[in-house]
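# Examination of the molecular architecture
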Amino acid sequence: MTANPSASTKHNNYIGGEWLAPSTGNWAPNRNPADLDDVIGQYPVSGEKDALEAIAAAKAAFPAWAATPGPARGRFLAKAVELFRARVDDFARMLCREEGKTFAESKGEVNKGIALFEFYAGEGFRTHGKTLPSESRQTLTFTLRQPLGVVALVTPWNFPFAIPAWKSAPALVTGNTVVLKPASNTPGTATMMAQVMHDAGFPKGVFNLITGPGGAVGNTLVDSKDVQAVSFTGSNSIGLALNQRCAKRGIRVTAEMGGKNPVVVLDDADLELAATGILQGAFGSTGQRCTATSRVVVQRGIAPKLTELLVAGAKKLKVGNGLETGIDMGPAVDEAQLKTDLDYIQYGLSEGAKLLCGGNQLKEGALARGFFVEPTIFSGVKIGHRLHQEEVFGPLIAIVEVGDFEEALHAANAVEFGLSASIYTRDANTAMKFVERSEVGMVHVNNPTVGGEAQLPFGGWKSTGVGEREMAEEGAMFFTQLKTVFFDYTGAARTSKNY
Ligand code: NAP
């Protein structure tokens, strides 16, 4: 590890167009989970007072921003796109260092976030209502979409650029002002994003950032009467509690939460293609994706061949610090996540599943300075097992064997989550049956369970998601409220003859 001169640099919150020190006087070190000696910088541990200040700044900025024409708001986003593009490698390096995914994956995430800003920059021209015929003569009836006000965005650590992007861009372009609270594990990427928003010239108070603990900062945002909506992505336990708090105030909330995503492989599938997709979906980003492949549901006849391909592929993966070249998989994000991964390996063993590869923490040499775990595969997993039911959020595949398509569909759907699912088959009819009957928000055919595109709605069914889909036009609709207008242009007092 090389000495890092920025380790002691104190970063600040971005409130009302100014970089402000936290009122608590506390900062916390942001460490690289691949190398705990690598301290990225010191980030604010903010408190209630900072959250209230950020809300007040956003509230003051709202009237002028809401009155700014949509296309003009979009141009601020377009300027941010230009600045992000010029800093892609810097963002990717920060993301890689604080979250742990490989540099290539980090760069992919940054480019995806930029595409979201790009998409929503254009949405400034397109946010539309409807005109509909009125029952009355000479009356124009139409709807307007108007902003909500101050919105709070609470985001997780696993996509520290893309998720703040897919929430901030639609909120801003539709005329809302924003307070972003990123996860405590990943304040650096969000702080760089705030710098871009500043450099892009967004008026003071339109975009605000505070870093700090979910409890003090998150609860203040959610409970403030000046916050009109909350957009949350994270775990089910926090998301559902937050949803209840918002319900008490009757405000709008979207909460995108956990996943337990299956890949079904039928006996007519291209097995090489399926194995490649499963390995990518399960071990990419160290399995720390809400859409990660965590279950493989395979027809018995081809299970031995598919398993052989998966184990061979997993054993080839090079685990290490994502900043180094040739690394395929980075670390768990922190000690707690590492412990969760290792705990689930124990649950698998104690429930009678068969460990085919992996299963250990990696501690040799430089790996001892980070939170590394081997890519792990279990076979013989049953529907009732914890490995089948619960989100691990780590590099772990649970293989379930089934007899036919109906059994496969049953296993795929037999979980509380409903985010993403995939099927590998060469039969279009079977693929469409799966598309129709799969209980998820996103279905893939002959493709990994992961991925999303700016223009396509993203989100889950069942206990994965509460509220509107994110990304795409739907993502912007969440941040608007409808107004129905009845415009009588008779120019004279209405009489019964007009009707
Ligand atoms: P988390 O622990 O639920 O945290 C998410 C955010 O909520 C963080 O900013 C956290 O702050 C904040 N928070 C914590 N307590 C809060 C409170 N009382 N009030 C308001 N905010 C609070 O989730 P995570 O561990 O960061 O992320 C992993 C989870 O996200 C996984 O379950 C994954 O499936 C899910 N996820 C879902 C999607 C999707 O689209 N469905 C996408 C990505 C991730 P602190 O960091 O300070 O605790």
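Throughout what follows, the structure given in this document is the object of discussion. Here the residue numbers are simple positions, counted from 1 along each chain's written sequence. For a predicted model such as this one, the threshold for reporting local features is a pLDDT of at least 70, and the threshold for listing and counting side-chain atom pairs is 80 or more; totals across whole chains, interfaces and linings nevertheless cover every residue. Heavy atoms throughout the structure, all of them, feed into the side-chain values; hydrogens and water do not.

Okay, the state of the cysteines next. Such a bond, covalent and formed between the sulfur atoms of two cysteines, is termed a disulfide. Put simply, a disulfide is two cysteine sulfurs that come within 2.5 Å. One pass over the structure, following the stated rule, counts zero disulfides. For Cys 96, which is in no disulfide, the shortest distance to another cysteine sulfur is to Cys 290 and amounts to 20 Å.

Here Glu 470 is to be found in the loop between strand E23 (465–466) and helix H15 (472–477). On the basis of relative accessible area, Glu 470 is assigned to the buried category, the value being 5%. Within the structure, Glu 470 has its side chain in polar contact with the side chain of Thr 233 (distance 3.4 Å). By the convention used here, residues are in contact when the closest approach between their heavy atoms is within 4.5 Å. Ignoring any residue separated from it by four or fewer positions in sequence, one finds Glu 470 in contact with Trp 166, Lys 167, Ser 231, Thr 233, Thr 254, Glu 256, Leu 456, Pro 457, Phe 458 and Gly 475. Helix and strand assignments come from DSSP, with helices taken as H or I runs of at least 4 residues and strands as E runs of at least 2, each series counted from the N terminus. Three exposure classes are used, based on accessible area relative to the maximum for each residue type with a 1.4 Å probe and protein chains only: buried under 20%, partly exposed in between, and exposed over 50%. In protein, a polar contact means a hydrogen-donor-capable atom and an acceptor-capable atom, both N or O and within 3.5 Å, with residues adjacent in sequence counting only if both atoms are side-chain atoms; elsewhere, any N or O pair within 3.5 Å suffices.

Below, the discussion takes up the site of the ligand. Near, as used in this document, describes a residue that has one of its heavy atoms within 4 Å of the molecule or strand being considered. Neighbouring residues of the ligand: 29 residues in total, closest Thr 155, Ser 184, Ser 235, Met 257 and Glu 391. A distance of 2.5 Å separates an oxygen atom of the ligand from a polar atom in the side chain of Ser 184. One nitrogen or oxygen atom from the side chain of Ser 235 is found 2.5 Å from an oxygen atom belonging to the ligand. Method for areas: the Shrake-Rupley scheme with a 1.4 Å probe, in which residue coverage is limited to the protein chains shown. Out of a free accessible area of 900 Å², the ligand has 86% covered by protein chains. For the shell around the ligand, the secondary structure elements donating two or more residues are helix H7 (214–223), strand E10 (227–233) and helix H8 (236–249). Per element, the largest residue contribution to the shell around the ligand is three residues, and it comes from H7. Residues were grouped as follows: Ala, Val, Leu, Ile, Met, Phe, Trp, Tyr, Cys and Pro as nonpolar; Asp, Glu, Lys and Arg as charged; and all remaining residues, including Gly, as polar. The class makeup of the residues in the shell around the ligand is 15 nonpolar, eleven polar and three charged.

Time to look at the sheet that holds strand E13 (residues 293–299). For two strands to be treated as a pair, DSSP must find no fewer than two bridges joining them. Strands sit in the order E14-E17-E18-E13-E12-E20-E21 across an open sheet of seven strands; the sheet is mixed. Looking at which strands have only one partner, the edges of the open sheet turn out to be strand E14 (354–357) and strand E21 (442–445). The sheet shows a mean angle of 20° between the axes of neighbouring strands, direction not considered. Bridge analysis of E14 against strand E17 (residues 376–379) gives three bridges, and the strand direction is antiparallel. Within E17, the position partnered with Lys 354 by the bridge is Ser 379. Across the sheet, helix H13 (residues 405–413) lies against strand E12 (261–265), E13, strand E18 (396–402) and strand E20 (420–424), angled at about 165° from E13, the strand it touches most. For every element, the axis is a line fit to its C-alpha atoms; helices are fit only across the contacting stretch, and the angle between N-to-C directions ranges from 0 to 180 degrees.

On to the packing of helix H1 (residues 48–67) against H7. Two packed helices can be described by the angle between their axes and the distance between those axes. Axis separation between H1 and H7 bottoms out at 8 Å; the angle between their running directions is 35°. Between H1 and H7 lies a crossing whose hand is right-handed. Seen from H1, the contacting residues are Glu 48, Ala 51, Leu 52 and Ile 55; seen from H7, they are Val 217, Thr 220 and Leu 221. Of the residues in the contact of H1 with H7, the class split is five nonpolar, one polar and one charged. Left-handed describes a crossing whose near helix is turned anticlockwise from the far helix by less than a right angle; the clockwise case is right-handed.

Relative to each other, helix H3 (residues 88–99) and helix H6 (residues 187–199) sit at 155°, their axes nearing to 8 Å. As the angle between them shows, H3 and H6 are arranged roughly antiparallel. Along its contact with H3, which presents Asp 90, Phe 91, Met 94, Leu 95 and Glu 98, the element H6 presents Pro 187, Gly 188, Thr 189, Met 192, Met 193 and Val 196. Partitioned by chemical class, the residues of the contact of H3 with H6 number seven nonpolar, two polar and two charged. In this scheme, roughly parallel covers angles under 35 degrees and roughly antiparallel covers those over 145, while 65 to 115 is roughly perpendicular and the rest are oblique.

This paragraph deals with the nonpolar core. Core analysis: the biggest nonpolar cluster contains 55 residues, and Leu 77, Phe 84, Phe 117, Tyr 120, Leu 172, Phe 202 and Phe 207 have the highest contact counts within it. At eight residues, the largest contribution of residues to this core is made by helix H5 (residues 162–173). Non-local contacts of Leu 77, meaning those with residues more than four positions away in its chain, are made with Phe 117, Tyr 120, Ala 121, Ala 169, Leu 172, Val 173 and Phe 202. Core analysis: the next-biggest nonpolar cluster, separate from the first, contains 30 residues, Leu 279, Val 296, Leu 309 and Ile 397 among them. Nonpolar cores are built from buried Ala, Val, Leu, Ile, Met, Phe, Trp, Tyr and Cys residues. Side-chain atoms within 4.5 Å join them into one set.

In this section: H6. A rise of 1.5 Å per residue sets the reference length of H6, with its 13 residues, at 18 Å; its end C-alpha atoms lie 19 Å apart and thus fit the reference within 8%. Every buried residue of H6 is accounted for by Pro 187, Gly 188, Thr 189, Ala 190, Thr 191, Met 193, Ala 194, Val 196 and Met 197. Looking one or two residues past H6, Gly 201 carries a phi angle of roughly 90°, positive in sign. Expected span of a helix: the number of residues minus one, times 1.5 Å.

By the element assignment, Asp 90 lies in helix H3. The spatial distance from the C-alpha of Asp 90 to the C-alpha of Ala 57 is 29 Å, given a sequence separation of 33 residues.

What follows covers the pairing of strand E3 (residues 27–32). In the case of a regular strand, side chains alternate between the two sheet surfaces. Both E3 and strand E4 (residues 35–44) contribute to a ladder of six bridges, which runs antiparallel. The partner of Asn 32 across the bridge, within E4, is Asp 35.

Moving on: the pattern of salt bridges. Oppositely charged side chains can form a pair if their charged atoms are brought close together. Note on definitions: salt bridges are taken to be side-chain nitrogens of Lys or Arg within 4 Å of carboxyl oxygens of Asp or Glu. The full count for this structure, using the stated rule, is 20 salt bridges. Between Arg 85 and Glu 118 there is a salt bridge; the shortest N-O distance is 3.2 Å. Of this pair, Arg 85 sits in helix H2 (residues 70–86) while Glu 118 sits in helix H4 (residues 103–123), placing them 33 residues apart in sequence. Overall, the relative accessible area of 46% leaves Arg 85 in the partly exposed class.

Let's shift gears to H8. Along its 14 residues, H8 runs 20 Å from first to last C-alpha, staying within 8% of the 20 Å computed at 1.5 Å per residue. Within H8, the full set of buried residues consists of Asn 236, Gly 239, Leu 242, Asn 243 and Cys 246. Viewed along the axis of H8, the buried residues span an arc of 130°, placing them on a single side of the element. Exposed residues pointing more than 90 degrees away from the buried face of H8 are listed as Ser 237, Gln 244 and Lys 248. The secondary structure elements touched by the buried residues of H8 are H7, E10, strand E11 (252–256), strand E19 (417–418) and E23. Phi turns positive one or two residues past the end of H8, at Gly 250, with a value near 70°. This arc describes the spread of directions from the helix axis toward the C-beta atoms.

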